[in-house]
Amino acid sequence: MNNNVDMSVDFGGLKLAGPVFTASGTCGYADELGDFMDLGCLGGFITKSITVEPRKGNPTPRIVETDSGMLNAIGLANIGLDNFIEEKLPILGGMSCAVFVNIAGKSAEEYIEVARRLCGFEQIAGFELNISCPNVKKGGIAFGTDPVQVAEITKKVKKAGGGKKLMVKLSPNVTDISATARAAVEAGADALSLINTFMAMVIDIESGKPVLANRTGGLSGPAIKPIAVYMVNKVYNEVTKGTGVPILGSGGIRTGSDAVEFMMAGASAVAVGTASFIEPASCEKIAAGIEDYCSKKGIDSLKKLTGSLC
Amino acid sequence: MAKGSFTATIGYNKRIGKSFYKIGLEFSGASAEVFADVKPGQFVEIDLCHASLPADNKIPGELCDSAGRNIILRRPFSFSDIAVEKGKTTVEILYCTVGPASLRMSNLEAGDSVSVIGPLGNGFGMPEGKTTALLVLGGTGAGPIIHLAKQLKNYPQIQKIAFVGARSVEDLPFEKIADCIGAEGGDYLAEFSGTDTQTFVSTDDGSVGSKGFVTDILYRYLKQSGVERREIMVYACGPEPMLARVAQIAESENIDCQVSLERRMACGIGLCQSCAVECKAGDSGQSIYKMCCKDGPVFDASEVVF
């Protein structure tokens, strides 16, 4: 550890101990990762998507590997709001980092219901609004591709969530991600999270059918990283710069240097997803990598890294 | 001891037949203790991304197309044997080259190292209170069943019979198959030697052993066997249609049965939720998804929806 780098992050008014988050849906409810790393390395933890009712999720195959990436179509499988409150919130209460609960639903009412029921719990720092899941028939991405709907649902959930921070997770499956980003910020989002996965398909040419039971899935992993960096930079320049609304950058981050790219592009913090499947201690290694970089370059505060792209 | 992320050294990597291999992963120090008591049916996730492909002329024709794919995920493998020495544990994995990851695995040499996460999942339950253990395997499902047969040596009072099946002789992951068939009291396979297990081999095409599905032989055996059904435990590992038929036979005969399942897995530790197994939710008629990695890979056959 180097003591000369201030690794803390001001994340839309929330003081984080570090810049690395777990990405939603890739780290369960936190109890799975403790065997592999010190959870104290995290700046934030984002839960799997929670819906009002439990969801079974999609049939298998739910994943398929691609060149330098993978497709998933889990289908928002989760234990449902009641079970989450009973079984998982106590575990999350023991975490030292900021806990964000990812919210999903089929209708605006369902999103509001989750936010309303959870807003009284102290152990939750905020919500991540999932309006970008490509793997469910209703809700999800349908809300996230139209700026008018993005603004509407952001406003409603912000109101229902009491004083909790609201982070909106944006879909890259749009013509202009700045348009949805702007809609979320103008509607009161405290932070933006980008990007979610890209809609994609892999075909089994022997059977002539898609590999995934859901036919399509979301592409993640190193394959999408350069596009994600570009989108973070675009949103930073066109929407959030100077507004104080931080960006949580994600998409294929595997190493400290990947994370530094996102921060230079405009991210205040980064989320790690697919990399945790391969290396469960990824978050810890990435945090150390960022610190190393800053130390070598004489950067004494992460603030100076965000948006430093020449 | 708890699962974790460890480095293993390759002790050996030996080819068997056309496309099967046995690889020995050696663990020393603290990891030797972690792996010393792995159970048959448990597995590891191996990172093969940094292993190199075999030379072009050593890649089987049917794999040339997929060989060059850039892999990023680990691959899950269950064990076929374990050897515990002082300060060193060697776990053996029986595998088949089917794609870019297993091809890379086949190119590992003694002394190379790989990153291993494990031991993962739940193994087979032991046949407490039973007098007969019936082991059914198909193709690469041989690994965990061989491991189990070795473990069952601790139950000398139990009668053990293995039903070994594959499509054809070349899909049987055993050494010296040809001269082993038709020995007195059943067939003989070196892998089961010393385990006190009677063995019956069958192939779908009849190229070795008796002709037909391994499940037919199991069924015929049960029909002529006078053993009390509640005293039998069936263990099975192999292709899903075979497991479905074994489960069906076990249910109709009212016999306890455990099956080891296989699913696409990204992580193996419950993070990704990829490896869903549809299971019955009690007697409700509804079903739920359990995770092959954490809830399995061994399941009670009666709870799985095939």
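Up top you'll find the structure we're talking about.
Rules used in this analysis
Once a new chain begins, its residue numbering starts again from 1 and follows that chain's sequence as written. Each chain is given a letter, starting from A, and each ligand a number, starting from 1, according to the order in which they appear as written. At least 70 in pLDDT is required for a residue's local features to be given in this predicted model, at least 80 for side-chain atom pairs to be given and counted, and no such filter applies to totals for whole chains, interfaces and linings, which use all residues. Based on all heavy atoms of the structure, the side-chain values leave hydrogens and waters out of the count. Every helix listed is a DSSP run of H or I at least four residues long, and every strand listed is a run of E at least two residues long, numbered separately from the N terminus. Atoms considered for the radius of gyration are the C-alpha atoms alone. The globule rule reads 2.2 Å times the number of residues to the power 0.38. For each residue, the accessible area found with a 1.4 Å probe, counting protein chains only, is set against the maximum for its type, and the residue is called buried under 20%, exposed over 50%, and partly exposed in between. Salt bridges, as used here, are contacts in which a Lys or Arg side-chain nitrogen is within 4 Å of a carboxyl oxygen on Asp or Glu. Every definition here rests on a 1 Å grid over the protein atoms only: cavities are sets of points where a 1.4 Å probe fits but cannot get out, pockets are open sets enclosed by protein on both sides within 12 Å along at least five of seven lines, and lining residues have some atom within 4 Å of a point. Grid points are joined across faces, edges and corners, and a volume is the space filled by probe spheres set on the points. Three categories are distinguished: nonpolar for Ala, Val, Leu, Ile, Met, Phe, Trp, Tyr, Cys and Pro, charged for Asp, Glu, Lys and Arg, and polar for the others, with Gly belonging to the last. As used in this record, nonpolar core signifies buried Ala, Val, Leu, Ile, Met, Phe, Trp, Tyr and Cys residues forming a set joined through side-chain atoms within 4.5 Å. By the convention used here, strands pair only if DSSP detects at least 2 bridges between them. The angle between two axes is taken between their N-to-C directions and runs from 0 to 180 degrees, where each axis is a line fitted to C-alpha atoms and a helix contributes only its stretch in contact. By definition in these notes, contact holds between two residues if any of their heavy atoms fall within 4.5 Å. Note: buried area is the sum, over both parts, of the accessible area (probe 1.4 Å) each one loses when the two are combined. Here a polar contact is taken to be a pair of N or O atoms separated by no more than 3.5 Å, where protein atoms must pair a possible hydrogen donor with a possible acceptor and residues adjacent in sequence count only if both atoms sit in side chains. By definition in this entry, angles of less than 35 degrees are roughly parallel, angles greater than 145 are roughly antiparallel, angles of 65 to 115 are roughly perpendicular, and the rest are oblique. Put simply, a crossing is left-handed when the front helix is turned counterclockwise from the back one by less than a right angle, and right-handed when it is turned clockwise. Ring pairs are drawn from Phe, Tyr and Trp, using the six-membered ring of Trp, whenever the two centres fall within 6.5 Å, and their geometry is named by plane angle: stacked under 30 degrees, edge-to-face over 60, tilted for the rest.

Novice: Which residues make up the overall build of chain A, and what values do they have?
Specialist: Across its full length, chain A carries nine helices and 16 strands. Computed over C-alpha atoms, the radius of gyration of chain A comes to 18 Å, within 12% of the 19 Å expected from 2.2 N^0.38 for 310 residues, which places it in the range of a compact globule. Along the longest, intermediate and shortest principal axes, the C-alpha atoms of chain A span 55 × 45 × 40 Å. A total of 310 residues make up chain A; the buried ones form 61% of that total.

Novice: Can you break down the pattern of salt bridges residue by residue, with the values?
Specialist: Counted by the stated rule, this structure contains 27 salt bridges over all chains. Between Asp300 of chain A and Lys304 of chain A there is a salt bridge whose closest N-O contact spans 2.7 Å. Lys304 of chain A gets classed as exposed once you look at its relative accessible area, which sits at 54%. Residue Lys22 of chain B is joined to Glu175 of chain B by a salt bridge in which the shortest nitrogen-to-oxygen separation is 3.4 Å. Highlighted residues: Lys22 of chain B in strand E2 (residues 20-28) and Glu175 of chain B in the loop between strand E9 (159-166) and strand E10 (197-203), separated in sequence by 153 residues.

Novice: Got a sec to walk through the layout of surface pockets? Specific residues and values, please.
Specialist: Counted as a void, the second largest pocket has a volume near 530 Å³. Those elements that provide at least two residues to the lining of the second largest pocket are helix H1 (81-93) of chain A together with strand E15 (287-291) of chain B. The greatest single-element share of the lining of the second largest pocket, amounting to four residues, is contributed by E15 of chain B. For the lining of the second largest pocket, the class distribution of residues is seven nonpolar, five polar and 11 charged.

Novice: Residues and numbers for the nonpolar core, please.
Specialist: Core analysis: the largest hydrophobic core is formed by 152 residues, its most contacted members being Phe11, Phe21, Leu118, Leu192, Leu194 and Ile290 of chain A. Considering every element that reaches this core, the biggest residue donor is helix H6 (residues 225-240) of chain A, with seven residues. Counting 29 residues, the second-largest nonpolar core is a separate cluster that includes Ile145, Tyr155, Leu189 and Phe192 of chain B.

Novice: Which residues make up the sheet that holds E2 of chain B, and what are the values?
Specialist: Residues and elements named next belong to chain B. Read from one edge of the open sheet, seven strands run E4-E3-E7-E1-E2-E6-E5, paired in antiparallel fashion. With one partner strand each, in any of the chains shown, strand E4 (75-78) and strand E5 (81-85) form the two edges of the open sheet. Averaged over all neighbouring strand pairs, the angle between strand axes comes to 35 degrees, with direction disregarded. The pairing of strand E1 (residues 4-16) with strand E7 (residues 113-120) spans six bridges and is classified as antiparallel. Residue pairing in the sheet places Thr9 in a bridge with Ser113 of E7.

Novice: With reference to specific residues and values, describe the interface of chain B and chain A.
Specialist: With 32 residues of chain B in contact, the opposing surface of chain A contributes 34 residues. Both sides together, the interface formed by chain B and chain A hides about 2,600 Å², and carbon and sulfur atoms give 57% of it. Three residues, Ile72, Leu271 and Tyr289 of chain B, lead the burial of chain B against chain A; their summed loss comes to 29% of the area buried on that side. Across the contact surface, chain B and chain A share three salt bridges. When the shortest N-O distance is used, the salt bridge between Asp35 of chain A and Lys3 of chain B registers 3.0 Å. Counting across the chain B and chain A interface gives 10 residue pairs in polar contact (both at pLDDT 80 or more). Residue assignment for the side of chain B that touches chain A shows that the elements contributing at least two residues are E1, strand E14 (276-280) and E15 of chain B. Tallying contributions element by element places E15 of chain B first for the side of chain B that touches chain A, with four residues. A breakdown of the residues in the side of chain B that touches chain A according to their chemical character gives 15 nonpolar, eight polar and nine charged.

Novice: Summarise the environment of Val211 of chain A; cite the residues concerned and give the values.
Specialist: With respect to the helices and strands, the residue Val211 of chain A is situated in the loop between strand E13 (209-210) and strand E14 (217-220). Since its relative accessible area comes to 15%, Val211 of chain A is described here as buried. Here the alpha-carbon distance between Val211 of chain A and Glu53 of chain A, two residues 158 residues apart in the chain, equals 28 Å. Once residues lying within four places of it in the same chain are set aside, the contact partners of Val211 of chain A are Pro61, Val64, Val202, Ile203 and Asp204 of chain A together with Arg264 of chain B.

Novice: Explain the sheet that holds E14 of chain A to me, using residue names and the numbers behind them.
Specialist: Paired through their backbone hydrogen bonds, the strands of a sheet run either parallel or antiparallel. Residues and elements named next belong to chain A. Taken together, the four strands give an open sheet; going across it, the order is E5-E6-E14-E11, and neighbouring strands pair in antiparallel fashion. Of all the strands in the sheet, the pair left with one neighbour each is strand E5 (63-66) and strand E11 (198-200). Recorded for the sheet is a direction-independent mean angle of 35 degrees between the axes of neighbouring strands. Examined bridge by bridge, strand E6 (residues 69-72) and E14 share three bridges and lie antiparallel to one another. Bridge assignment links Met70 to a residue of E14, and that residue is Ser220.

Novice: Quick rundown of the packing of helix H4 (residues 147-160) of chain A against helix H5 (residues 177-186) of chain A? Include the residues and the values.
Specialist: All names here are of chain A. Where H4 contacts H5, the two axes come as close as 8 Å, and the packing angle between them is 25 degrees. On the basis of their axis angle, the class for H4 and H5 is roughly parallel. Remark: the crossing between H4 and H5 carries right-handed chirality. Contacts from Pro147, Val150, Ala151 and Thr154 of H4 reach H5 at Ala179, Thr180, Ala183 and Ala184.

Novice: Quick one: what's the story with the packing of aromatic side chains, residue by residue and with numbers?
Specialist: Applying the stated criterion across every chain yields a total of 12 aromatic pairs over all chains. Taking 6.4 Å as the distance between ring centres and 85 degrees as the angle between the ring planes, the aromatic pair formed by Phe11 of chain A and Phe100 of chain A counts as edge-to-face. With Phe11 of chain A in strand E1 (residues 9-11) and Phe100 of chain A in strand E7 (residues 98-103), the pair connects residues that are 89 residues apart, well separated along the chain. Taking relative accessible area as the criterion, Phe100 of chain A reaches 1% and is therefore assigned buried. Consider the rings of Phe163 of chain B and Phe200 of chain B, whose centres lie 5.9 Å apart with planes at 20 degrees: the pair is stacked. Taken together, the residues span a long stretch of sequence, with Phe163 of chain B in strand E9 and Phe200 of chain B in strand E10 at a distance of 37 residues. The class for Phe163 of chain B is buried, based on a relative accessible area of 1%. Among the aromatic residues, ring-to-ring pairing joins Phe11, Phe21 and Phe100 of chain A into one connected group.

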